[in-house]
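Single-letter residue listing:
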Amino acid sequence: MDNLHSVIRNIKGETKSARRDHLTVFREFISQLDRIGKRQGKAGAKSGKGTRRK
């Protein structure tokens, strides 16, 4: 969990004075994973548009 804190701080540019509890960091991590998953889902949907059925 401490590694997760440091990664989130590096991404957001936080300082040590702005420490948050584990639950808040975990929720933010999950929301970032959701955003990444939604972006990848949109990219996969675009590739299938060019095919036609006869």
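This text follows the structure it describes.
Here the structure is a predicted model, which is why all the values come from computation and not from measurement.

On to the overall build of the protein chain. When you go through the protein chain residue by residue, the secondary structure sums to two helices and zero strands. Roughly 5000 Å² of accessible area belongs to the protein chain as shown, and the carbon and sulfur atoms make up 53% of that amount.

On to helix α1 (residues 2–12). All of the buried residues along α1 are L4, H5, I8 and R9. Looking down the long axis of α1, one finds its buried residues gathered within 135° of arc, a one-sided arrangement. In this structure, α1 carries N3, N10 and I11 as exposed residues pointing more than 90 degrees from its buried face.

Let us look at a nonpolar patch on the surface. On the surface, M1, F26, I30, L33 and I36 cluster together to form a nonpolar patch covering roughly 430 Å² of accessible area. Summarising the element assignment, I36 is placed in helix α2 (residues 22–47).

So, about the environment of Q32. With respect to the helices, strands and loops of the structure, Q32 is situated in helix α2. For Q32, a relative accessible area of 16% gives the class buried. Residues within four places of Q32 in sequence aside, it is in contact with I8, I11 and K12.

Definitions and cut-offs
- Residues numbered from 1 in each chain as written.
- Predicted model: local features only at pLDDT ≥ 70, side-chain atom pairs only at ≥ 80, totals over all residues.
- Heavy atoms only, no water.
- Helix = DSSP H or I, 4+ residues; strand = E, 2+ residues; numbered from the N terminus.
- Areas by Shrake-Rupley, 256 points an atom, 1.4 Å probe, with all protein chains shown as cover.
- Buried < 20%, exposed > 50% of the residue type's maximum accessible area, 1.4 Å probe, protein only.
- Arc of directions from axis to C-beta.
- Patch = residues over 30% accessible without salt bridge, like charges linked within 9 Å, V, L, I, M, F, W, Y side chains within 5 Å.
- Salt bridge = Lys/Arg side-chain N within 4 Å of Asp/Glu carboxyl O.
- Contact = heavy atoms within 4.5 Å.

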